Amino acid sequence: MADDKPPVTKIPARGLSSEQAEKLLRQYGPNALEEKKRSAILRLLGYFWGPIPWMIEIAAILSALVQHWDDFAIIVALLVFNAGVGFWQEYTAGNAVEALKKQLAMKARVLRDGNWREIDARLLVPGDVIRIRLGDVIPADVKLIGGDYLSVDQSALTGESLPVIRKIGDRAFSGTVVKRGEVVAEVSATGSQTRFGKTAGLVAQAKTVSHFQKAVLMIGDYLIYVSLALVVFLVLFQLHRNAPWLELIQFALILTVASIPVAMPAVLSMTMAVGAAALSRRKAIVTRLESIEEMASMDVLCSDKTGTLTQNKLTLGRIEVFNSSHEQGVLLAAALASREEDRDSIDEAILAGIKNKKQLHTFKQVHFTPFDPVHKRTEATVNDRHGHTFQVTKGAPQVIMRMSALTEEQRRRAQRMVDAFAAEGYRALGVARREQGKQQWQFLGIISLFDPPREDSAQTIARAKAYGVSMKMVTGDNQAIARQIAGKLGLGTNIFPASALAFNKGGRSDGVDGDRVEQADGFAEVFPEHKFGIVKLLQARNHITGMTGDGVNDAPALKQADVGIAVSGATDAARAAADLVLTAPGLSVIISAIEEARRIFERMNAYAIYRISETIRIMFFVVLTMIFFDFYPITAIMIILLAFFNDVPIMAIAYDRTGLEKNPVRWDMRQVITVATAMGVVGVIGSFGMLLLAMDWLNLDVAQIQTYIFLKMAVAGHLVLFVARTKGYFWRRPWPAPIMIWSALITKLAATVLAAYGFGLITPISWPEIVLIWGYSIVSALVTDLVKVQVYRHLQHRTPRHEKFITRVQQPLHSVSQK
């Protein structure tokens with residue numbers, strides 16, 4: 001038995017001195033996860049760097065060279081506006097995360113200069129002596145050097161729902177929670193060198209490029225290629241006509257800037273930011289705006305079990321009675337072998353099961369022996385109200401069975417029950433009683449305990465399935481527990497152990513693993529690298545993957561997932577890695593997030609179609625007019641004004657009312673470009689019709705024609721957005737939000753007033769001509785809407801081929817998403 005005695009370690013009398021602590025802090029750094037931060041100025045300047053900002057900047061420089069100061073001012077204003085919106089959204093999202101981290105700041109009781117004091121946990125250094133007690137989150141990796149033992153909840157680190165015992169001489173890890181006991185410990189590692197920190201280090205490896213970013217790039221590339229091809233053709237053709245080259249280049253640059261999606265990132269960011277604000281009101285903080293779009297496309301949600309699908313709180317299960325008159329008799333004996341003030345999860349579950357709490361007051365606990373890892377049981381000596389003394393004990397069933405007087409049949413029955421409880425994922429406790437003066441214990445029965453599901457988990461899973469999102473449980477608990485919880489929640493019981501997956505270097509695996517991950521309802525006995533690999537396997541199979549979790553062990557997979565969701569009460573590492581941080585208990589807000597995300601996606605899809613069709617309409621009309629009629633149909637300043645009249649107020653689309661798709665939605669570039677191109681072609685034809693009316697019927701001069709075309713493009717342009725926002729006829733529900741209607745009316749009236757009076761910027765035209773333009777634009781919008789509906793119907797009839805196209809386009813995108 002000598003081996004069972006804990007090693008004796010001398011506790012330092014004074015701890016570290018302040019000077020030693022300062023020196024070690026400089027050497028090892030703060031006890032916190034390392035973060036690489038870019039300064040706010042560098043982040044802001046980043047929005048002025050890139051192909052699109054470069055083109056705007058060159059256009060501004062050329063405007064200055066030819067001394068077109070009105071053009072210069074408006075171009076610079078557009079550039080600053082785009083940069084400002086993008087930076088502000090990134091900045092505010094980052095501030096939300098910082099606020100969360102400040103709420104999570106921990107303190108530690110440390111021995112310094114011979115005195116115990118409380119300091120910020122981030123100031124701890126290796127060699128510090130600290131006191132750890134019930135309820136503490138262990139602030140660093142430590143070695144236990146004084147006291148008895150600790151019962152530690154490691155679920156945040158390993159995913160195990162049951163506490164583990166740590167004796168003197170053992171090590172305990174940062175981020176774990178003390179459930180019982182009080183010890184003195186010496187800090188052995190801090191910050192990134194802790195087990196917590198090393199697990200979080202995997203997060204740095206997990207990076208993806210969002211599908212939103214890919215979609216913006218694809219749309220941008222398409223428009224840039226079309227625009228540049230037309231502009232190069234126009235420049236060469238006009239130079240052949242001996243046009244002034246500097247003025248031509250400036251006009252070509254401005255035309256290109258107006259045609260490519262300069263404001264698209266800002267508009268789409270604003271759309272997502274409004275959605276993020278709506279989610280924050282529902283207790284969900286978005287830390288990465290692009291993740292909202294990813295959530296609309298999400299078709300698989302991997303969920304941690306402990307603390308996410310379950311309550312991370314032991315609850316009473318079935319009770320098997322042996323030598324007791326009823327179940328409450330077994331529970332009463334177990335309760336008397338507990339100590340309520342210890343706040344132990346097992347004791348709390350047992351005490352909660354007592355129906356008549358008053359009867360506990362008729363007994364007095366004379367002596368109590370707490371649980372220890374050697375004897376594996378608690379024991380209490382109790383006096384009843386008549387002065388009768390007896391002993392009660394509870395603990396590991398095998399231990400209690402060995403102590404008790406059981407017949408062979410009772411022993412076999414007890415073992416069967418222990419095995420049956422284990423198969424169902426329950427933890428079993430034996431309970432016994434001994435009368436004073438007797439040697440043999442009387443075996444009263446076996447109590448089962450389990451970690452119950454959250455109240456809203458089953459409903460959340462059912463609603464997720466209704467929206468086409470399949471859920472998979474990923475847990476560190478054993479297969480039996482995982483299967484039992486999954487069955488209760490309606491997830492299915494096809495649960496594999498993580499060891500069944502043969503991951504190789506880089507988290508990639510063979511086709512068998514991919515099939516198994518897709519078919520499984522969940523995985524048990526999972527380590528952090530398994531979760532990380534499972535997410536990557538699903539992504540490699542063209543799934544947009546979400547991951548929920550709360551512990552350090554979830555952080556790498558949260559970061560790698562397309563949508564990482566940290567649930568309420570999550571650790572600092574999990575929140576930092578997540579895209580969505582829930583601040584209220586439960587998972588139901590995830591369904592609200594899916595609904596909001598799909599509405600946002602519809603708004604972004606509508607804007608993308610509008611933007612492409614507008615580019616085609618403007619570019620082809622302007623280039624063809626200059627080639628066939630040899631004059632500028634619109635001036636450079638008019639092009640820039642159009643960008644403001646159309647793109648600035650169009651941010652009202654962020655508040656638009658949309659339909660709600662019942663299945664995950666993805667960017668279908670073939671559909672977007674086909675519909676937008678058809679609408680753009682109709683717009684080009686309509687613009688030429690308007691031009692011919694101005695030239696041949698109204699007999700306007702070139703300056704008046706330019707104003708005429710400007711107003712037509714301004715009025716018709718915004719009407720195209722109302723056409724693009726739905727797949728059906730635009731006058732049917734859902735109708736536009738009032739803010740969209742008012743923003744359209746106000747900006748179009750502003751364009752109308754500008755066309756009527758000029759204000760020194762453009763040549764004015766008469767009110768009858770303005771009325772004609774409005775009427776023509778409305779009719780043109782109706783025609784465009786009819787064409788759009790027919791194109792959608794044609795595409796829907798070719799669904800099989802369409803689906804193949806999506807798979808062919810989306811799958812290689814995932815292969816380039818890993819950095």
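In this text the structure is predicted, and so the values were computed from the model without any measurement. Note on numbering: residues in each chain are counted from 1, in written sequence order. Where local features are concerned, this predicted model is filtered to residues with pLDDT of at least 70; where side-chain atom pairs are given and counted, the filter is 80 or more; whole-chain, interface and lining totals use all residues. Only hydrogens and water are removed before side-chain values are computed, so all heavy atoms of the structure are retained for them.

### Structural notes on the overall build of the chain
To be explicit about the condition: Per the convention used, a helix needs a DSSP run of H or I reaching at least four residues, while a strand needs a run of E reaching at least two, with both numbered from the N terminus. Under the scheme applied here, a residue whose accessible area is under 20% of the maximum for its type counts as buried, over 50% as exposed, and between as partly exposed, the area being computed with a 1.4 Å probe on protein chains only.
Counting its secondary structure elements, the chain contains 28 helices and 23 strands. Among the 819 residues that make up the chain, the fraction classed as buried is 56%.

### Some details on the side chain of Arg112
Defined as follows: Throughout, a contact is declared for two residues whenever any of their heavy atoms are within 4.5 Å.
Along the polypeptide, Arg112 turns up in strand E1 (residues 107-112). Given the relative accessible area of 8%, Arg112 is considered buried. Residue contacts for Arg112: discarding those within four places in its chain leaves Arg14, Leu16, Ser17, Ala21, Arg117, Ile119, Leu123, Leu124, Val125 and Asp128.

### Considering unusual backbone geometry
With phi around 60 degrees, Asp630 is a residue other than glycine that occupies positive phi space. When you line up the elements, Asp630 lands in the loop between helix H22 (588-629) and helix H23 (636-647). For Asp630, a relative accessible area of 47% translates into the label partly exposed. If you check the backbone angles, Asn699 has positive phi at about 55 degrees while not being a glycine. Take Asn699: it is sitting in the loop between helix H24 (669-697) and helix H25 (702-724).

### Details of the pairing of strand E21 (residues 545-549)
So the rule is basically this: By the convention used here, strands pair only if DSSP detects at least 2 bridges between them.
Of all 5 residues in E21, 5 are buried; the element is thus mostly enclosed. Residues Thr545, Met547 and Gly549 line one face of E21 and the alternating positions Gly546 and Thr548 line the opposite face, and both faces are buried. With 4 bridges joining them, strand E11 (residues 300-304) and E21 adopt parallel strand pairing. Directly across from Val300, in E21, lies its bridge partner Thr545. Sheet analysis places E21 next to strand E22 (residues 563-566), joined by 4 bridges and oriented parallel. Paired with Thr548 across the two strands is Ile565, which belongs to E22.

### What about the packing of aromatic side chains?
Applied cut-off: Each aromatic pair joins two rings of Phe, Tyr and Trp (for Trp, the six-membered one) with centres within 6.5 Å, and gets the label stacked for planes under 30 degrees apart, edge-to-face for over 60, and tilted for any other angle. A ring is considered to have a charge above it if a Lys NZ or an Arg CZ atom is located within 6 Å of its centre and within 35 degrees of its normal.
This structure, assessed with the given rule, holds 14 aromatic pairs. When the ring of Phe322 is compared with that of Phe443, the centres are 5.1 Å apart and the planes differ by 85 degrees; the resulting orientation is edge-to-face. Here Phe443 lies in strand E17 (residues 442-450) and Phe322 lies in the loop between strand E12 (315-321) and helix H12 (327-336), a separation of 121 residues in the sequence. For the residue pair Phe322 and Phe443, the accessibility class agrees, reading buried in each case. Between the aromatic rings of Phe730 and Trp731, the centroid separation amounts to 5.6 Å while the plane-to-plane angle is 70 degrees, which identifies the pairing as edge-to-face. Taken together, Phe421, Tyr426 and Phe450 form an aromatic cluster joined through their ring pairs. Lying across the ring of Phe390, Arg433 places its NZ or CZ 3.7 Å from the centre. Between Arg516 and the ring centre of Phe496, over which it is positioned, the NZ or CZ distance is 5.3 Å.

### A few points about the packing of helix H16 (residues 457-466) against H22
To be explicit about the condition: Axis definition: a line fitted to C-alpha atoms, over the contacting stretch in the case of helices. Angles run 0 to 180 degrees between N-to-C directions. With respect to orientation, any angle under 35 degrees is reported as roughly parallel, any angle over 145 as roughly antiparallel, any angle of 65 to 115 as roughly perpendicular, and every other angle as oblique. By definition, turning the near helix anticlockwise from the far helix through less than a right angle yields a left-handed crossing, and turning it clockwise yields a right-handed one. Three classes are used: nonpolar for Ala, Val, Leu, Ile, Met, Phe, Trp, Tyr, Cys and Pro, charged for Asp, Glu, Lys and Arg, and polar for all others, with Gly counted as polar.
In contact at an axis separation of 8 Å, H16 and H22 are set at 20 degrees when each is read in the N-to-C sense. Classed by the angle they form, the pair H16 and H22 counts as roughly parallel. Seen along the crossing, H16 lies across H22 with a hand that is left-handed. Residues Thr460, Arg463 and Ala464 of H16 form the contact with H22, whose own contacting residues are Ser588, Ile591 and Glu595. Each residue belonging to the contact of H16 with H22 can be placed in one class, and the counts come to 2 nonpolar, 2 polar and 2 charged.

### As for the sheet that holds E21
Reading across the sheet, the 8 strands line up as E10-E23-E22-E21-E11-E18-E20-E19 and stay open at both edges, with mixed pairing between neighbours. Sheet topology places strand E10 (284-286) and strand E19 (495-497) at the edges, where each strand pairs with a single neighbour. Each neighbouring strand pair of the sheet contributes to a mean axis angle of 20 degrees, computed without reference to strand direction. The sheet contacts of helix H10 (residues 290-297) involve E10, E22 and strand E23 (580-582), and relative to E22 the element is tilted by about 105 degrees. On top of the sheet, helix H17 (residues 479-489) reaches strand E18 (470-474), E19 and strand E20 (522-524); it is set at about 160 degrees to E19, its chief contact.

### With respect to the environment of Thr674
Position of Thr674 among the secondary structure elements: in helix H24. As for Thr674 and Ile612, which are separated by 62 residues in sequence, their C-alpha atoms are 9.9 Å apart. For Thr674, the contacting residues outside a window of four places in its chain are Val791 and Leu795.

### Some details on a nonpolar patch on the surface
Selection criterion: Nonpolar side chains (Val, Leu, Ile, Met, Phe, Trp, Tyr) are joined into patches within 5 Å and like charges within 9 Å, using only residues with over 30% relative accessible area and no salt bridge. Residue exposure ignores everything except the shown protein chains as possible cover, and the areas themselves are Shrake-Rupley values with a 1.4 Å probe. Salt-bridge detection follows one rule: a side-chain nitrogen of Lys or Arg within 4 Å of a carboxyl oxygen of Asp or Glu.
Residues Ile741, Trp742, Leu745, Ile746 and Leu749 make up a contiguous nonpolar surface patch of roughly 500 Å² in combined accessible area. Within the secondary structure, Leu749 is located in helix H26 (residues 738-757).

### What about the packing of H26 against helix H27 (residues 767-796)?
Packing of H26 against H27 brings their axes to within 10 Å, and their N-to-C directions diverge by 145 degrees. Relative to H27, H26 is oriented so that their crossing is right-handed. On the side of H26, the interface is formed by Lys748, Thr752, Ala756 and Tyr757, while H27 contributes Trp767, Ile770 and Trp774. Partitioned by chemical class, the residues of the contact of H26 with H27 number 5 nonpolar, 1 polar and 1 charged.

### What to know about the confidence of the model for the chain
As a reminder of what qualifies: For every residue, the pLDDT score states the predictor's confidence, bounded by 0 at the bottom and 100 at the top.
Here the chain shows a mean pLDDT of 81. Residues at 70 or above account for 84%. The spread of mean pLDDT over the elements of the chain runs between helix H28 (residues 799-815), the lowest at 39, and strand E15 (residues 389-395), the highest at 95. Low pLDDT (under 50) marks residues 504-508, which in the prediction has 5 contacts with non-local residues, meaning those over four places away or in another chain. Confidence over residues 800-819 falls short of pLDDT 50; this stretch has 36 contacts with residues more than four positions distant or in other chains.

### What to know about the pattern of salt bridges
The final tally for this structure, using the stated rule, is 18 salt bridges. Between Arg463 and Glu595 there is a salt bridge, with the nearest N and O atoms lying 3.5 Å from each other. One end of the pair, Arg463, is in helix H16; the other, Glu595, is in helix H22, and 132 residues separate them in sequence. Taking relative accessible area as the criterion, Glu595 reaches 14% and is therefore assigned buried.

### A few points about the side chain of Thr194
Summarising the element assignment, Thr194 is placed in the loop between strand E9 (182-189) and helix H6 (195-201). Thr194 gets classed as buried once you look at its relative accessible area, which sits at 1%. Sequence-distant contacts of Thr194, defined by excluding residues within four places in its chain, comprise Asp141, Ser174 and Ala189.

### Observations regarding H22
Cut-off, in case you're wondering: In this scheme, a helix's expected span is set at 1.5 Å multiplied by one less than its residue total.
Here H22 contains 42 residues, and its C-alpha end-to-end distance of 61 Å stays within 8% of the 62 Å for a straight helix at 1.5 Å per residue. Among the 42 residues that make up H22, 36 are buried, leaving the element largely enclosed by the rest of the structure. Two residues or fewer past H22, Asp630 is found with a positive phi of approximately 60 degrees.

### Digging into the pairing of strand E4 (residues 141-147)
In terms of burial, E4 is largely enclosed, as 5 of its 7 residues are buried. Note: E4 against E9, 6 bridges, orientation antiparallel. The residue bridging Gly146 from the neighbouring strand is Val184, located in E9. The sheet contact formed by E4 and strand E7 (residues 171-172) spans 2 bridges and is antiparallel. Within E7, the position partnered with Lys143 by the bridge is Arg171.

### Looking at the nonpolar core
To keep it simple, the criterion reads: Nonpolar cores are built from buried Ala, Val, Leu, Ile, Met, Phe, Trp, Tyr and Cys residues. Side-chain atoms within 4.5 Å join them into one set.
Judged by nonpolar contacts, the single largest core of 127 residues is most densely connected at Leu255, Met295, Leu580, Leu582 and Phe710. Per element, the largest residue contribution to this core is 23 residues, and it comes from H22. Dropping the residues within four chain positions of it, Leu580 is found in contact with Leu279, Ala284, Ile285, Val286, Thr287, Met295, Gly564, Ile565, Ala566 and Ala593. Leu331, Ala349, Phe390 and Leu444 belong to the second-largest nonpolar core, a separate cluster that totals 26 residues.

### Here we look at the environment of Gly114
Topologically, Gly114 is positioned in the loop between E1 and strand E2 (115-120). Take Gly114: its relative accessible area is 28%, and that puts it in the partly exposed class. In the structure, Gly114 is positioned 99 residues away from Gly15 in sequence and 6.0 Å away in space, judged by C-alpha atoms.

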